[in-house]
Amino acid sequence: MDTLGLTDIIGPIMVGPSSSHTAGALRIAFMARRLCLADPAAVEFRLLGSFAHTLTGHGTDKALVAGMLSMETDDLRIRDSFNLAERAGLAFSFRTLPDADYDHPNTIDIRIVDAAGNAMDVRGESIGGGAAVIRKIDDIDVCITGESTSIVVRQRDEKGVLAHIAHCITEQDVNIATTRMYRERKGEIAYTVLETDQAVGAETKAAIEDHPAILDVRIIPGDTRPGCSRIDVPDAADALQRFAELDFANGAALLAYCEAHEASLSEAFLAREAALAATLGYADNAACYLDEALSVMKRSAQQPIDEALPSMGGLIGGEARKLADLHRRGGELCDDQLSRATAYAMAVLETNASMGRIVAAPTAGSSGVLPGVLLALQHTRGYADADLARALAAAAAIGYLITRNATVSGAEGGCQAEIGSAAAMAAAASVELMGGTPAQCFAAASNALTNMMGLVCDPIAGLVEEPCQKRNAAGAAIALVSAQIALAGIGNLVDFDQTVEAMRKVGRSLPFELRESALGGIAAAPAACAYCPGC
């Protein structure tokens, strides 16, 4: 978790509707595709845990096929992945296995047969916010995140093989970041998984393969940090030391830094981001990324107000326009700021549910809260885009701490982990915009988490539409109220870190039916069940 950065919290920029079930699923298939020795010819996706209950509702099926076609998470062609797979000659099928064993609630098993006849089984987990991990290859435990370039070597477990692999890599002036060897029994088939700080080319792959015990070599390119270019870091040890000093483990550490350096929440987090980029060998591109994220947020919040977008599941569409019409008629009950926050938040969920491009903040299901609040404040108080970009960084600081110490996944912690976290991020961002102190930012975030604690995740028919859209609007309102209380100088008896821990414990105590399974809460009401083909 110590490698979480800005783009993991304010991001990914993706096609909706779910960061875990759409972007994360795509990422699993994308990495599995990179493990193939030839082009995939046929693939069977086996969905376990919460995935078994939300296959079509979250666009998981389209995303999995898109990942097998090597699409990125923000590619609008994801909507048409089935047709594109047919044209590419890729056969695919799905099996839902709700009673199968799994370790993580978002688990997918993939059976791939490539054009050369090679068969491979891969297990992946979507761990929240669009991130994913490959946990098994052919029933051998591994751990592949795809964050850095990964070299996956299948070999006979013989003496000297690991030394050969390491020699081949270092001969190409590539630095090995981590090395792990996985095997079932001594002397049989084993996998060596290495992560490298630099890209690895065909020459390195061929050199590794030139050993009688090496069966095959697969290379998974690491994630390219959005908009970032590689740089030479003159003093890697200094960069690592700098990052260690800024890698805030909890709210208390971040607040102490802010107070010691007279820094705002956004300044502290952006300093951490710059240090993280240096350790990974990237130029610091946080400012450009925040501008891009804000631009996507604006489009996703405005388009449904201009034209109604039909959702994938058909449960929502046109709500943002109705709110805008109410405003034009002068019939709104709330003031202009809250009315706009409500409309913008609901509009983003319409974009999300129609498989449009949004920014997960921190997830796709909660992607309307932060832009709803910030764009409303911009309209009513005249903030510049640069101010909103700074507020996004402050929001990222809160989201980072929640992700690191609890969860932002609805499948793990309920909707309190998604909408609650988004409201906490928006509350802190609002306080910083209004000139509040870092301590008040944390108080506002705590207020929001407290007020949404225990909120269950119960999407009707498994769709990120109803009641998700209205909860984004409610989250925006709670964020503004939470910020107002904190700006008044009203503190909390329980600090931010203890509140996050309480939320984590509440999430773990929620039954499976109340954690994004569409089996409990409002999703189990008779009227809701009428929309679920499986009921």
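Predicted, not measured: the structure shown is a model, and the values here were computed from it. (Residues numbered from 1 in each chain as written. Predicted model: local features only at pLDDT ≥ 70, side-chain atom pairs only at ≥ 80, totals over all residues. Heavy atoms only, no water.)

Time to look at the domain arrangement of the chain. We note that the domain assignment places domain 1 (16–144), domain 2 (148–222), domain 3 (236–280) and domain 4 (285–519) within the chain. Distance between the C-alpha centres of domain 3 and domain 4: 25 Å. Taking both partners together, domain 3 and domain 4 bury about 1400 Å²; carbon and sulfur atoms supply 71% of that area. Area buried by domain 3 at its contact with domain 4 is led by Leu265, Ser266 and Phe269, which between them contribute 39% of it. Linking domain 3 with domain 4 are one salt bridge, by the criterion used here. Arg404 is the salt-bridge partner of Asp247, the closest N and O atoms lying 3.0 Å from each other. On inspection of domain 3 and its partner domain 4, the count reaches ten residue pairs in polar contact (both at pLDDT 80 or more). Element by element, the count of residues in the side of domain 3 that touches domain 4 is highest for helix H9 (residues 265–280), at six residues. Classifying every residue of the side of domain 3 that touches domain 4 by side-chain character gives ten nonpolar, four polar and three charged. (Domains from an automatic or database assignment. Buried area = accessible area lost by both parts, 1.4 Å probe. Salt bridge = Lys/Arg side-chain N within 4 Å of Asp/Glu carboxyl O. Polar contact = N/O pair within 3.5 Å; in protein donor to acceptor, adjacent residues only side chain to side chain. Helix = DSSP H or I, 4+ residues; strand = E, 2+ residues; numbered from the N terminus. Nonpolar A, V, L, I, M, F, W, Y, C, P; charged D, E, K, R; others polar.)

Bringing helix H16 (residues 415–433) into the picture now. With 19 residues, H16 extends 26 Å between its outermost C-alpha atoms, agreeing within 8% with the 27 Å of an ideal straight helix rising 1.5 Å per residue. Of all 19 residues making up H16, 19 are buried, and the element is well covered by its neighbours. A positive phi of about 85 degrees marks Gly435, the residue just after H16. (Expected span 1.5 Å × (residues − 1). Buried < 20%, exposed > 50% of the residue type's maximum accessible area, 1.4 Å probe, protein only.)

Inspection of the entire model under this criterion finds two cavities of 30 Å³ or more. Reported here for the largest cavity is a volume of approximately 150 Å³. Lining the largest cavity we find 19 residues, and of these Gly365, Glu418, Cys457, Val464 and Cys468 sit closest to its centre. For the lining of the largest cavity, the secondary-structure elements that each account for two or more residues are helix H2 (19–34), H16 and helix H18 (468–487). The greatest single-element share of the lining of the largest cavity, amounting to three residues, is contributed by H16. Class assignment of the residues belonging to the lining of the largest cavity gives a composition of nine nonpolar, six polar and four charged. Each of domain 1 (16–144) and domain 4 (285–519) contributes no fewer than three residues to the lining of the largest cavity. (1 Å grid on protein atoms, 1.4 Å probe; cavity = no way out; pocket = protein on both sides within 12 Å on 5 of 7 lines; lining within 4 Å. Points joined across faces, edges and corners; volume = space filled by probe spheres on them.)

This part takes up the environment of Lys322. In this structure, Lys322 sits in helix H11 (residues 319–328). Here the alpha-carbon distance between Lys322 and Arg390, two residues 68 residues apart in the chain, equals 31 Å.

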